[in-house]
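Commentary on secondary and tertiary structure
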Amino acid sequence: MESRSKSIHISSTTMIPALLLLLLLLLSLIHRAQCFYLPGVAPEDFQKGDPLKVKVNKLTSIKTQLPYTYYSLPFCTPEKIVDSAENLGEVLRGDRIENSPYVFKMQEPQLCTVLCRITLDAKTAKQFKEKIDDEYRVNMILDNLPLVVPIRRLDRVPNIVYQLGYHVGLKGQYAGKKEEKYFIHNHLAFTVKYHRDMQTDSSRIVGFEVKPFSIKHEYEGPWSEKTRLITCDPHTKRMVVNSNTPLEVDANKEIIFTYDVEYQESDVKWASRWDTYLLMSDDQIHWFSIVNSLMIVLFLSGMIAMIMLRTLYRDISKYNELETQEEALEETGWKLVHGDVFRPPSNSDLLCVYVGTGVQFLGMVLVTMIFAVFGFLSPSNRGGLMSAMLLLWVFMGIFAGYASTHLYKTFKGTQWKKIALKTAFMFPAIIFVIFFVLNALIWGQKSSGAVPFGTMFTLVFLWFGISVPLVFVGAYVGIKKPTMEDPVKTNKIPRQIPQQPWYMNQIFSVLIGGILPFGAVFIELFFILTSIWLNQFYYIFGFLFLVFIILLITCAEITIVLCYFQLCSEDYKWWWRSYLTSGSSALYLFLYAIFYFFTKLEITKLVSGLLYFGYMLIASYTFFVLTGTIGFYACFCFTRLIYSSVKID
């Protein structure tokens, strides 16, 4: 027994340097990961005069969060609208990629090309006004690059930032009048940037920018296909450079859509063309905030680890020095509840189901993070991240079934099929109900964000056809594998738990336990929410992976600390509390989501607000299951370790 105590003392002096070494290794991997980039699509070479396919994507708004198809507004249409094949992630994101009437030819500039002419009626005018009022943006794609609007900012370096998509129009007032009018952007000045290969003389597209203008085009005589505009004319080299004579949106108004195309040679290579899009936010603040958060959490985690290991070493040494029965009878603290500490908890079936589901999510997140760190899920692969997460969650069902039934067998359970069935259906059913209600709301708004019936069938097939069978396969393996014996025997009669001090109250200790794990992620959470709800790219997966590792460590340590205090107070009901302690960080996540909604977003419509809180409820519930499982397993291993380290008479 003396040697066992000594081994615990050795681990207390080596754990912190080992942890720091691991973090240094992760930082080096992150540095390499940001240099190593897998674009997800093959480069395409163009010769001068080659046609370029300009595609249109959904209309988006950060005010409504409801995407619509491009042709839901009466824009100019090609002879035949052709949908591009979207992957599962793109469909769930609301992407609807279609061809467009724009005709580009490589390195052949165009000036004031007329796209089409339409006349608004009362209905179409109202549609345009509603989209302008909600600040909708038009998204387009060229060679897999999204269209951006360069905006000059003098208060930051670099002084040019890029906005995804251009606004459908704008609201304004005529000089000397108070009435607000709606104006449409009907002239687009495109800039295609390309990098030329000197050896082959071929070019690759590295940038796709636009400057939108609103202009009331004028012409002489009746309109025909050969009509020349006065306001912009390629023959006289007259260009649109401002919106001093904007085009008002109203019934019976004529709209002439025109565009320019300019080609600029660029030094940016094809492999680096996404750097412009990924440097939209202030990197210095982002990096400083994350590093600052990590240092604080690392310091706290190190302190907790040192205190816990030294305290436990002293306790174990003291307990093992008790030689007589009289001394053993006078023992206090966590050793006193050794006969009840491994007694199965109430609602043990439900705990097994939640732990199994948490293992499923933990596996999904870890593998997704690894793929993302090495660039396989880059922004150029639209919908790739969501598709990967869905498929990984389905295939991780085998680990969910194994974890839930193996724990159930530890509790001496026999109805393992019932546990497997609950694991396969309970959490997905809850999420599916919420998702179905939200999808119905989106359908009611006639938004392209509504999941089509075919995609819904695909999701159900992934659930019933792949996930459920895999859960049962894992459950069968888990129930057949022998479990570890408990370090101590459980008494037949439960021990009475003494009255606990106020600070050991279950609700209080659970709520306190969730603060530190939330503190480890809330800085990164801000950037994640911004990328989701403010239509920006999220790309620092290396730092996100590091934050996730810190989250794992923090959840484990805070749960172990509070579990130790609980056992020292002779309260042996630690099973559920260990799960809830770290899982309570999900409550703070949802509270932060409420704070973010009222301080950062401009959502005013009821349906949009319901969508936001519905999706954040799903995210918080998932976070609860994930962090709760981490805390549970940490406490499970901790209790087995300490009770196997002392002599029990």
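Bear in mind that the values here come from a model prediction, so they are computed numbers and not experimental data.

Here we look at the packing of helix α13 (residues 515–533) against helix α16 (residues 585–600)
It is the contact of α13 with α16, at a shortest axis distance of 10 Å, that shows an interaxial angle of 35 degrees. Here α13 runs over α16; the crossing is right-handed. Within the contact between the two elements, α13 uses I515, P517, F518, F522, L525, F526, L529 and T530 and α16 uses S585, Y588, L589, Y592, Y596 and K600. Its residues assigned to classes, the contact of α13 with α16 shows 11 nonpolar, two polar and one charged.

Here's the deal with the confidence of the model for the chain
Close reading of the predicted structure is inappropriate where its pLDDT is low. Model confidence for the chain is summarised by a mean pLDDT of 81, while 85% of its residues fall at 70 or above. In this model, residues 1–40 is a region of pLDDT below 50 whose contacts with residues beyond four sequence positions or in other chains number 49 contacts.

Considering a nonpolar patch on the surface
Together, W502, Y503, F508, I512 and I515 make up a nonpolar patch on the protein surface, roughly 550 Å² of accessible area in all. Considering the arrangement of structural elements, one finds Y503 in the loop between α11 (453–480) and α12 (506–513). Among the residues examined, Y503 registers a relative accessible area of 46% and is labelled partly exposed.

Considering the state of the cysteines
In the structure shown here, the tally under the stated rule is two disulfides. Residue pairing for C112: its cysteine sulfur links by disulfide to C232, the two sulfurs lying 1.7 Å apart. The S-S bond linking C112 to C232 shows a torsion near 40 degrees; that makes this disulfide right-handed. Residue C112 is located in strand β5 (residues 110–119), and its partner C232 is located in the loop between β14 (203–213) and β15 (254–265); the two are separated by 120 residues in the primary sequence. Accessibility expressed as a relative area gives 6% for C112, which makes it buried. Overall, C232 belongs to the buried group, its relative accessible area being 2%. In the chain, the cysteines engaged in disulfides, taken in order along the sequence, are linked 1-3, 2-4.

Points about the packing of helix α10 (residues 416–444) against helix α17 (residues 606–643)
One can describe the packing of α10 onto α17 by two numbers: an axis separation of 10 Å at closest approach and a directional angle of 165 degrees. Viewed along their axes, α10 and α17 adopt a mutual orientation that is roughly antiparallel. With respect to the hand of their crossing, α10 and α17 are arranged in left-handed fashion. Counting all contacts with α10, which are made through F427, I430, I431, I434, F435, L438, L441 and I442, the residues of α17 involved are V607, L610, L611, G614, Y615, L617, I618, Y621, T622 and V625. When grouped by side-chain class, the residues that make up the contact of α10 with α17 number 16 nonpolar, two polar and no charged.

Description of the pairing of strand β11 (residues 169–173)
Taken together, the five bridges between β11 and strand β12 (residues 180–184) define a ladder with antiparallel strand orientation. Following the sheet pairing, K171 is matched in β12 by Y182.

A look at the nonpolar core
Grouped together as the largest cluster of nonpolar side chains are 92 residues, with contacts concentrated most on L351, W574, W575, Y579, Y612, V625 and F632. The element contributing the most residues to this core is helix α14 (residues 541–568), with 18 residues. With residues up to four places along the chain from it excluded, the contact list for F632 reads L351, V355, L407, W574, W575, S578 and Y579.

A short note on the side chain of D349
Tracing the sequence through the fold places D349 in helix α7 (residues 348–373). Classification of D349 by relative accessible area gives buried; the value is 19%. Excluding its chain neighbours within four sequence positions, the residues that come into contact with D349 are Y408, K418, I419 and K422.

Describing helix α8 (residues 384–395)
In this model α8 runs 16 Å from its N-terminal to its C-terminal C-alpha over 12 residues, within 8% of the 16 Å that 1.5 Å per residue would give. Listed as buried for α8 are G384, S387, A388, L392, W393 and V394.

Points about the pairing of strand β13 (residues 187–196)
With seven of 10 residues buried, β13 is to be regarded as a mostly interior element. Between the end of β13 and the start of β14, which pair antiparallel, lie six residues, with D201 showing a positive phi angle near 65 degrees. One ladder, built from eight bridges, connects β13 with β15; its direction is parallel. Following the sheet pairing, T191 is matched in β15 by E262.

Considering unusual backbone geometry
A positive phi is found at Q107, a non-glycine position, where the angle reads about 60 degrees. Structurally, Q107 is set in the loop between β4 (104–105) and β5.

With respect to the pattern of salt bridges
A full pass over the atoms with the stated rule returns 12 salt bridges. Residue K171 pairs with D133 through a salt bridge whose shortest N-O separation is 2.7 Å. Residue K171 is found in strand β11, and its partner D133 is found in helix α3 (residues 122–133); the two are separated by 38 residues along the sequence. With relative accessibility at 36%, the residue K171 sits in the partly exposed group. Note on D133: relative accessible area 29%, which makes it partly exposed. Three or more residues joined by partner-sharing salt bridges are found here, namely E179, K181 and E248.

Thoughts on the packing of aromatic side chains
A complete count under the given rule lists 46 aromatic pairs for this structure. One aromatic cluster in this structure is built from Y354, F361, W393, F427, W576, Y579, Y621 and F624. The ring centre of Y136 lies 5.6 Å from the NZ or CZ of K131, which sits over that ring.

A short note on the side chain of T191
Along the chain, T191 falls in strand β13. Accessibility expressed as a relative area gives 11% for T191, which makes it buried. Dropping the residues within four chain positions of it, T191 is found in contact with G207, F208, E209, E262 and Q264.

As for the environment of T559
Residue placement: T559 occurs in helix α14. C-alpha of T559 to C-alpha of R577: the two residues are 18 residues apart in sequence and 8.8 Å apart in space. The contact partners of T559, leaving out residues within four places of it in the chain, are S578, T581, S582, G631 and C635.

So, how was this worked out
- Residues numbered from 1 in each chain as written.
- Predicted model: local features only at pLDDT ≥ 70, side-chain atom pairs only at ≥ 80, totals over all residues.
- Heavy atoms only, no water.
- Axes fitted to C-alpha atoms, helices over the stretch in contact; angles between N-to-C directions.
- Helix = DSSP H or I, 4+ residues; strand = E, 2+ residues; numbered from the N terminus.
- Left-handed = near helix turned anticlockwise from the far one by under 90°.
- Contact = heavy atoms within 4.5 Å.
- Nonpolar A, V, L, I, M, F, W, Y, C, P; charged D, E, K, R; others polar.
- pLDDT = per-residue confidence, 0-100.
- Patch = residues over 30% accessible without salt bridge, like charges linked within 9 Å, V, L, I, M, F, W, Y side chains within 5 Å.
- Areas by Shrake-Rupley, 256 points an atom, 1.4 Å probe, with all protein chains shown as cover.
- Salt bridge = Lys/Arg side-chain N within 4 Å of Asp/Glu carboxyl O.
- Buried < 20%, exposed > 50% of the residue type's maximum accessible area, 1.4 Å probe, protein only.
- Disulfide = S-S within 2.5 Å.
- Parallel < 35°, antiparallel > 145°, perpendicular 65-115°, else oblique.
- Pairing = 2+ DSSP bridges.
- Core = buried A, V, L, I, M, F, W, Y, C linked by side-chain atoms within 4.5 Å.
- Expected span 1.5 Å × (residues − 1).
- Phe/Tyr/Trp six-rings, centres within 6.5 Å; stacked < 30°, edge-to-face > 60°.
- Lys NZ or Arg CZ within 6 Å of the ring centre and 35° of its normal.

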